[in-house]
Amino acid sequence: MNTIVVGHRGAGKTSFMRRVEGYFRSAGRRARAVDLDEFIAAEADRGVSRIFSTEGEAGFRAWERRCFAKLVAQAGKSSVPWFLSVGAGWAGPVPKGWDCLWIRRPTDPDGRVFLDRPRLDLGLDPLQEYLGR
């Protein structure tokens, strides 16, 4: 059982990913939880915000596709369940045989503005950008 974890910015994906391995451990099982953005930052040896500022969204999406494919391949060789959290702008397909967990908050339709996250569409104000994604 492998799972893609999706949701809007601020929905709680990262917090969930930090807890998921512990949930399995407390049940006497193993699992692997990977945040795609954190993996990209490690692979690129620079933060996501830096990738956006130097390579733009298109450059980041290229990193995202490569790293996503790498992680899916690793998961395919693993005997433990994987949970792979993807960023708010991710638009890739869910791999065959993977489940999709959508983390939502009741306030998602209202929108959120984040001052500590990279902007994805500088042509829109932050709230309109969020609502458009």
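Here's a quick rundown of the structure. (Residues numbered from 1 in each chain as written. Predicted model: local features only at pLDDT ≥ 70, side-chain atom pairs only at ≥ 80, totals over all residues. Heavy atoms only, no water.)

Details of the overall build of the protein chain
- When you go through the protein chain residue by residue, the secondary structure sums to four helices and four strands.
- Sequence-ordered secondary structure for the protein chain, helices as α and strands as β, is β-α-β-α-α-β-β-α.
- In the protein chain, which comprises 133 residues, the share counted as buried stands at 42%.
- Once local pairs closer than 6 in sequence are excluded, the contacts in the protein chain between residues at least 24 apart make up 65%. (Helix = DSSP H or I, 4+ residues; strand = E, 2+ residues; numbered from the N terminus. Buried < 20%, exposed > 50% of the residue type's maximum accessible area, 1.4 Å probe, protein only. Contact = heavy atoms within 4.5 Å.)

Description of the pattern of salt bridges
- Applying the stated rule across the entire model yields five salt bridges.
- A salt bridge links arginine 61 to glutamate 57; the shortest N-O distance between them is 3.0 Å. One end of the pair, arginine 61, and the other, glutamate 57, are both in helix H3 (residues 48–76), four residues apart, so they sit about a helical turn from each other.
- The class of glutamate 57 is partly exposed, set by a relative accessible area of 23%.
- Through salt bridges that share partners, Glu57, Arg61 and Glu64 make up one connected network. (Salt bridge = Lys/Arg side-chain N within 4 Å of Asp/Glu carboxyl O.)

Here's the deal with the environment of valine 80
- By the element assignment, valine 80 lies in the loop between H3 and strand S3 (82–85).
- Sequence separation between valine 80 and arginine 29 is 51 residues; the distance between their C-alpha atoms is 8.5 Å.

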